[in-house]
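In case you want the letters, here they are:
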Amino acid sequence: MMKINLDENNIVILTIDCEKKPMNVIDEEFVRTFHQKIEEITSDDKNTGLILTSARDEFVAGGDLEMLRSIKSAEDCVQLTSLLHKSLRKIETWGKPAVAALTGTTLGGGYELALGCHHRICINKPKAKIGLPEVTLGLLPGGGGTQRLPRMIGLQNSLLYLTTGKQLDPQKALEAGLIDALAENEGELINKAVEFIKSHPEISQPWDDKKFKLPGGEVQSPRGYQVIPASTAMMNEKTHGNYLAPRNILCAVYEGCQVPIDQGLEIELRYFTELVLNQSTKNMIRTLFYSINECNKGEARPKNVPESKIGKVGILGAGMMGSGIAYATAMAGIPCVMKDISQETLDRGKAYSAKVLDKLIERGRCTPEKKEQVLSLISTTTDASDMKGCDLVIEAVIEDRGLKAKVTAESEAVMPEEGIFASNTSTLPITGLATESKRPEQFIGLHFFSPVDKMPLVEIIMGEKTQDKALAMCIDYVRAIKKTPIVVNDGRGFYTSRVFTTYVSEGINLISEGVSPALIENAGKMIGMPVGPLAVADEVSIDLIYHIIKQTMEDLGVESVDKATLDLSTRFVEELGRLGRKAGKGFYEYPTDGKKFLSPELGKLYPLNKIQPELEEVKDRLLYIQSIETLRCLEENILTTTRDADVGSIMGWGFPAWTGGTIGFVEYIGPQNFKQRCLELEKKFGKRFSPPKILDGKESFYN
Amino acid sequence: MKTVYIYDAVRTPRGRGKADGKLHTVRPVHLAKTVLESIQQRNNLDTSLVNDVILGCVTQVGEQGGCIAKSAALYAGYADTTSGFTLNRFCGSGLEAINQGASSIMSGYFDMIVAGGVEAMSRIPIGSDGGAWMIDPDVATKTHFVPQGISADLIATLGGYSRTDVDSFAVESQKKATLAWEEKRFQKSIIPVIDQNGMTILDRDEHIRPGTTVESLSGLKPSFLEMGTKYGFDSVAIQKYPSVTEINHIHHAGNSSGIVDGASVVLLGNEETGNKAGLKPRAKIRSFSMVSTEPTIMLTGPGPATEKALRAAGMNIGDIDLIEINEAFASVVLRFVDEVGADMSKVNVNGGAIAMGHPLGATGAMLLGTVLDELERQNKSTGLVTLCIGGGMGIATIIERV
């Protein structure tokens with residue numbers, strides 16, 4: 001795991017190599033071994049310095065989340081973390097120089113090791129990343145990162161990296177002061193490190209000097225009084241108080257930078273321990289790290305089907321979705337043919353890819369050569385027979401059963417026998433569409449989100465007859481285009497649309513009851529949804545909501561639809577022409593020369609109640625309704641795993657990450673507490689809040 | 001309980017709180033000494049009768065730190081037996097000093113005191129003492145801290161006060177203060193600040209802008225727009241007031257209280273000690289109150305404070321002849337008037353802090369002196385002083401001439 005070499009100058013080179021792991025990561029064994037090695041090295045007087053480096057392409061990728069998951073008590077957390085603090089303090093106060101010779105990516109705990117050295121040099125690999133991303137998983141850098149970084153680059157600069165988790169390539173890291181020097185290769189890396197050690201035989205950290213002053217101004221100074229309150233407010237503007245990690249980071253910096261480093265580390269450790277034991281952090285790690293990784297690795301893929309070869313993809317429809325799918329496919333190096341009825345539409349569809357690529361070029365993330373190469377993979381046709389040779393055909397035409405049946409038949413007539421036909425419908429059940437297919441076992445749903453180039457999720461829908469082979473190919477395809485697949489069973493709205501709709505409907509219920517529109521929208525944002533439910537309704541357009549609800553009513557009867565949504569959408573569409581953003585008016589007004597604002601008309605249409613509900617109740621309604629519907633999806637076997645529920649909710653419609661997902665939220669509250677609250681809400685607001693049976697006796701959804 | 005009499009009140013003029021303000025060369029202890037000496041001399045006061053000097057001072061750091069009340073009492077030559085006490089009730093400090101002093105006299109803890117306040121804002125900037133509420137991220141987060149300007153704009157947003165409403169009020173403040181100076185209405189209480197050679201440094205309020213019009217104010221940019229929108233404070237306030245979609249930023253330097261330097265004191269005592277000192281009381285204290293309200297909107301204390309003081313005095317708002325409410329921000333006054341149903345013609349008849357400035361710790365005692373002078377000038381009887389205070393607090397005092 002760690003090798004010690006002594007060079008001719010008596011400089012110790014400590015090389016990290018976690019053989020048992022795919023990457024160098026800090027786990028419990030690492031912490032103990034590191035401590036032992038540092039004790040050894042620093043107690044030998046003949047040693048003149050230390051170079052800390054790695055045998056891998058990366059230096060250290062961070063802390064091992066398994067280790068954090070295994071921590072069950074505050075004592076364990078404090079004990080283990082203190083040992084790392086002790087080792088780093090030993091290096092800092094040894095009196096002899098220590099250089100972090102970074103071979104590449106240096107993140108989280110890895111960068112904290114580097115911060116504990118007196119000098120940091122990194123090989124200039126453009127793809128290497130340097131930073132402290134802990135906050136994105138609900139953690140803080142617990143290895144001294146919140147203490148050493150501000151002491152090195154000042155309050156304001158350090159808070160930027162600490163509270164956003166921003167990562168930099170080595171060149172940018174040098175400019176930002178995160179590292180001290182660059183090297184071109186390994187040889188130069190070690191040479192430069194040796195050079196530094198020879199020219200600084202005696203050294204200590206600036207913060208161990210009694211006269212040390214925080215660069216850019218102390219906490220208790222006019223500068224600190226500007227930076228800290230503004231950072232706090234900006235953090236609260238973003239988090240609405242839902243995320244503990246950024247707050248704890250600010251607190252650790254604020255408190256820790258007013259005392260000497262050793263006491264600062266003690267303070268950091270308290271805030272770190274609080275996060276490690278926090279349920280929201282656990283949920284975030286479970287979903288944002290483990291579950292997403294499992295989805296990305298194709299955990300849901302049937303194991304007995306050999307990997308599919310996708311030579312060519314056919315895309316039916318060159319609208320918004322079709323064009324986006326073509327772009328994503330070509331970006332993955334897969335040739336595709338896009339079909340529509342007019343060449344003009346097709347040209348526009350292909351131009352979409354060119355536009356997205358031009359933007360990437362502007363930002364330096366693509367080259368003109370690469371652009372040409374990607375575009376060359378997209379061909380267009382108005383002839384259905386060009387679906388010949390397509391291993392996968394994705395239908396992205398308008399939501400019309402007749403048209404869908406027609407294009408399915410046309411494609412199946414020419415497609416290879418083994419080919420898979422996928423529908424990108426977001427509303428029509430797959431099993432029904434598959435009845436029009438010659439090969440319903442090869443018919444599947446592939447629900448992309450708009451805009452396709454930005455949205456990371458694809459919801460794969462199994463029809464009643466869909467076979468494993470179709471699923472396997474779709475997962476292979478989704479992985480190839482670097483998106484995250486979840487797999488669900490067929491049903492109205494599948495999983496994502498079905499649950500997301502409840503957020504909008506609940507907003508509509510609230511306004512229909514006379515709740516202040518501002519309160520509804522603010523509550524939506526305050527639970528952590530990207531926008532309020534009324535703003536969402538305007539974006540998806542109220543006539544679409546109206547059409548879907550009418551269709552559902554026709555298919556399943558009036559009992560099956562939300563009455564408030566039916567009434568309001570009918571009134572908005574049939575009487576008022578308030579169709580949403582596209583019509584220039586919906587719940588909001590959209591002045592051509594200014595910002596949108598909640599329409600004052602709403603007050604006349606739905607007069608405000610004298611007594612408005614408590615904010616907490618409105619927030620609960622908007623959150624609970626989504627988790628309740630998700631639980632129903634689990635009961636009805638639309639969802640088969642909590643993993644797909646959580647990942648799908650966060651990546652699909654921006655369900656707040658602090659919860660860990662729709663089921664994560666139930667876990668956060670505690671299933672029995674959740675059930676209790678459902679019963680209260682049911683009593684006040686009706687059946688839609690009645691607790692699903694699956695909650696009965698449940699203590700956890702994850703153990 | 002003993003009755004508390006007011007024997008005298010003095011104040012310095014208010015200097016603009018900037019480096020080019022006339023009082024910027026004057027130490028705060030000198031400002032305090034000026035009023036302490038003056039009230040002693042005018043009343044030929046044996047300071048051994050003065051048990052305590054209580055001064056409000058908000059930013060107690062540096063030369064305003066270390067209990068400036070005791071330093072100033074010694075420096076002004078008060079008897080060694082006179083103790084000193086400095087307190088911080090934010091903007092209410094000067095009136096709090098009076099109310100604390102009054103309570104002490106009522107209870108018999110003290111017989112005679114000098115109470116007031118001092119603040120040299122040009123030398124010790126507001127906020128330079130930090131404080132957990134504003135600076136500590138955990139405290140600020142859990143309590144939805146926002147700067148007062150955001151609160152003032154929130155009050156305007158909720159109350160529906162427009163930019164024109166607040167600017168018109170500001171113009172009135174300037175007009176009234178200008179007229180008051182022209183007619184020498186402050187003459188009784190103003191003590192010029194002089195240097196060691198007897199030369200006058202400042203003898204009149206320096207912050208007033210007599211020619212101010214709604215038109216001339218219209219060019220001023222809102223002061224708290226950037227703070228609110230770019231640095232997140234609007235969102236923090238809205239999270240506490242979710243029925244608000246957007247905060248209407250209408251306050252600026254021209255309709256908010258001015259940053260100034262100044263000091264003020266009032267002489268209070270019981271009848272027996274007053275007689276011993278050969279003093280004739282000018283008024284007595286009828287009642288006083290301290291309340292605290294929701295801290296994010298912060299500046300809504302004067303209404304409840306006034307109601308509480310009125311109840312304690314067995315009065316209603318119609319029984320009050322003159323009202324001084326501190327013009328921290330124009331919206332604070334507009335809301336107060338609406339809330340308690342006050343008659344605007346009785347409010348701040350000689351202008352207020354928008355025109356003349358708000359030397360934090362000193363303002364409360366200045367307002368008490370101002371209302372007392374004006375009651376005498378108009379030959380009226382009862383006066384109310386009230387101020388909004390950081391943290392949501394509010395303070396009020398009702399006096400009656402004798």
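## Thoughts on the overall build of chain B
When you go through chain B residue by residue, the secondary structure sums to 15 helices and 12 strands. Its C-alpha radius of gyration of 20 Å places chain B within 12% of the 21 Å reference for a compact globule of 402 residues. Judged by the C-alpha coordinates and their principal axes, chain B covers about 60 × 45 × 45 Å. By residue count, 61% of the 402 residues in chain B fall in the buried class. Considering only residue pairs separated by 6 or more positions, chain B has 83% of its internal contacts joining residues 24 or more positions apart.

## Some points on the domain arrangement of chain A
Residues and elements named next belong to chain A. According to the domain assignment, chain A contains domain 1 (2-200 + 214-277), domain 2 (313-492) and domain 3 (497-637 + 670-695). Distance between the C-alpha centres of domain 2 and domain 3: 31 Å. Contact residues are listed per partner, giving 5 residues for domain 2 and 6 residues for domain 3. Here the residues of the side of domain 2 that touches domain 3 sort into no nonpolar, 4 polar and 1 charged.

## Looking at the sheet that holds strand β2 (residues 11-16) of chain A
Residue and element names in this part refer to chain A. Strand order in this open sheet of 6 strands is β1-β2-β3-β4-β6-β9, and the pairing throughout is mixed. Lying at the two open borders of the sheet, with one neighbouring strand each, are β1 (2-6) and β9 (181-183). Going from strand to strand, the sheet's axes swing by 20° on average, the running direction of each strand aside. Examined bridge by bridge, strand β4 (residues 98-102) and strand β6 (residues 119-123) share 4 bridges and lie parallel to one another. Paired with V99 across the strands is H119, a residue of β6. Helix α1 (residues 28-43) contacts β1, β2 and β3 (49-54) of the sheet and is inclined by roughly 15° relative to β1.

## Regarding the packing of helix α1 (residues 28-42) of chain B against helix α2 (residues 68-75) of chain B
All names here are of chain B. Two numbers describe how α1 lies on α2: the axes approach to 9 Å, and their chain directions differ by 60°. The angle between α1 and α2 places the two elements in the oblique class. Crossing of α1 over α2 shows right-handed handedness. Taking contact as the criterion, the partners of P28, V29, A32, K33 and L36 in α1 are, on α2, I68, S71, A72, A73 and Y75. Across the contact of α1 with α2, the residue classes break down as 8 nonpolar, 1 polar and 1 charged.

## Details of helix α8 (residues 186-199) of chain A
Residue and element names in this part refer to chain A. Under the 1.5 Å per step criterion, the end-to-end length of α8 is 20 Å for 14 residues, consistent within 8% with the ideal 20 Å. Turning to α8, its buried residues are L189, K192, A193, F196 and I197. One side of α8 holds all its buried residues, which, seen down the axis, span an arc of 135°. Of the exposed residues in α8, those oriented more than 90 degrees away from the buried face are G187 and S199. Buried residues along α8 sit in contact with β2, β3, β4, β6 and β9.

## As for the nonpolar core
The nonpolar side chains of a soluble globular protein tend to be buried, and buried together. By size, the foremost hydrophobic cluster in this structure holds 203 residues, and its most contacted members are V99(A), L392(A), I444(A), I460(A) and C474(A). For V99(A), the residues in contact, after removing those within four places along its chain, are I51(A), C117(A), H118(A), H119(A), I121(A), A193(A), F196(A) and I197(A).

## Focus on the sheet that holds strand β16 (residues 457-462) of chain A
Residue and element names in this part refer to chain A. Pairing is mixed in the open sheet, where 8 strands are placed in the order β12-β11-β10-β13-β14-β15-β16-β17. Two strands lie at the open edges of the sheet, namely β12 (378-381) and β17 (484-489), each paired on one side alone. Between one strand and the next, the sheet's axes are offset by a mean angle of 25°, whatever the strand orientation. Pairing between strand β14 (residues 420-423) and strand β15 (residues 443-448): 3 bridges, direction parallel. Pairing of S423 across the sheet is with G445, part of β15. Contacts between helix α14 (residues 343-362) and the sheet are confined to β11 (336-339) and β12, with β12 contributing the most and set at about 170° to the helix.

## Section: the environment of E395(A)
Residue and element names in this part refer to chain A. For E395, the location among the structural elements is in strand β13 (residues 392-395). Judged by local crowding, E395 falls into the buried class, with 25 C-beta atoms found within 10 Å. With 26 residues separating them along the chain, E395 and F421 place their C-alpha atoms 7.6 Å apart. Beyond its immediate stretch of four places on either side in the chain, E395 contacts L316, G317, K404, V407, T408, A422, S423 and N424.

## Here we look at the interface of chain B and chain A
On the side of chain A, 26 residues touch chain B, which itself brings 21 residues to the contact. The set of elements that each furnish at least two residues to the side of chain B that touches chain A consists of α4 (132-135), α5 (137-143) and α10 (233-240) of chain B. With 5 residues, the top contributor of residues to the side of chain B that touches chain A is α10(B). Along the lines of polarity and charge, the residues of the side of chain B that touches chain A split into 10 nonpolar, 9 polar and 2 charged.

## Topic: helix α15 (residues 363-378) of chain B
The first and last C-alpha atoms of α15(B) sit 22 Å apart over 16 residues, in line with the 22 Å expected at 1.5 Å per residue. When you tally the buried positions in α15(B), you get 13 out of 16 residues, the bulk of the element.

## Quick word on the packing of α1(A) against helix α3 (residues 74-93) of chain A
Residue and element names in this part refer to chain A. Where α1 meets α3, the closest approach of the two axes is 9 Å, and the angle between their N-to-C directions is 30°. One way to sum up the angle between α1 and α3 is to call them roughly parallel. Regarding α1 and α3, the two cross each other, and that crossing is left-handed. Mapping the contact onto sequence places E28, V31, R32, F34, H35, I38 and T42 in α1 and L80, L83, L84, K86, S87, K90 and I91 in α3.

## Points about unusual backbone geometry
All names here are of chain A. Residue P451 follows S450 across a cis peptide bond; omega there is -5°. You can see P451 is positioned in the loop between β15 and β16. At F494, a position not held by glycine, the phi torsion is positive, near 50°. The exposure class of F494 is buried, given the 27 C-beta atoms found within 10 Å.

## Quick notes on the pairing of β13(A)
Residue and element names in this part refer to chain A. Here β13 shows a buried face lined by L392 and I394 and a second buried face lined by V393 and E395. Pairing analysis gives 4 bridges linking strand β10 (residues 313-316) to β13, with the strands arranged parallel. In the strand pairing of β13, L316 is matched with E395. Where β13 meets β14, 4 bridges bridge the pair, whose relative direction is parallel. If you follow I394 over to β14, its bridge partner there is A422. Following the backbone out of β13, through helix α16 (residues 401-414) and into the adjacent parallel β14, one traces a crossover that is right-handed.

Quick notes on the rules
Residues numbered from 1 in each chain as written. Chains lettered and ligands numbered in written order. Predicted model: local features only at pLDDT ≥ 70, side-chain atom pairs only at ≥ 80, totals over all residues. Helix = DSSP H or I, 4+ residues; strand = E, 2+ residues; numbered from the N terminus. Rg over C-alpha atoms; globule rule 2.2 N^0.38 Å. Buried ≥ 20, exposed ≤ 12 C-beta atoms within 10 Å, placed from the backbone. Contact = placed C-beta atoms within 7 Å. Domains from an automatic or database assignment. Nonpolar A, V, L, I, M, F, W, Y, C, P; charged D, E, K, R; others polar. Pairing = 2+ DSSP bridges. Axes fitted to C-alpha atoms, helices over the stretch in contact; angles between N-to-C directions. Parallel < 35°, antiparallel > 145°, perpendicular 65-115°, else oblique. Left-handed = near helix turned anticlockwise from the far one by under 90°. Expected span 1.5 Å × (residues − 1). Arc of directions from axis to C-beta. Core = buried A, V, L, I, M, F, W, Y, C linked by C-beta atoms within 7 Å. Right-handed = clockwise from strand over helix to strand, strands pointing away.

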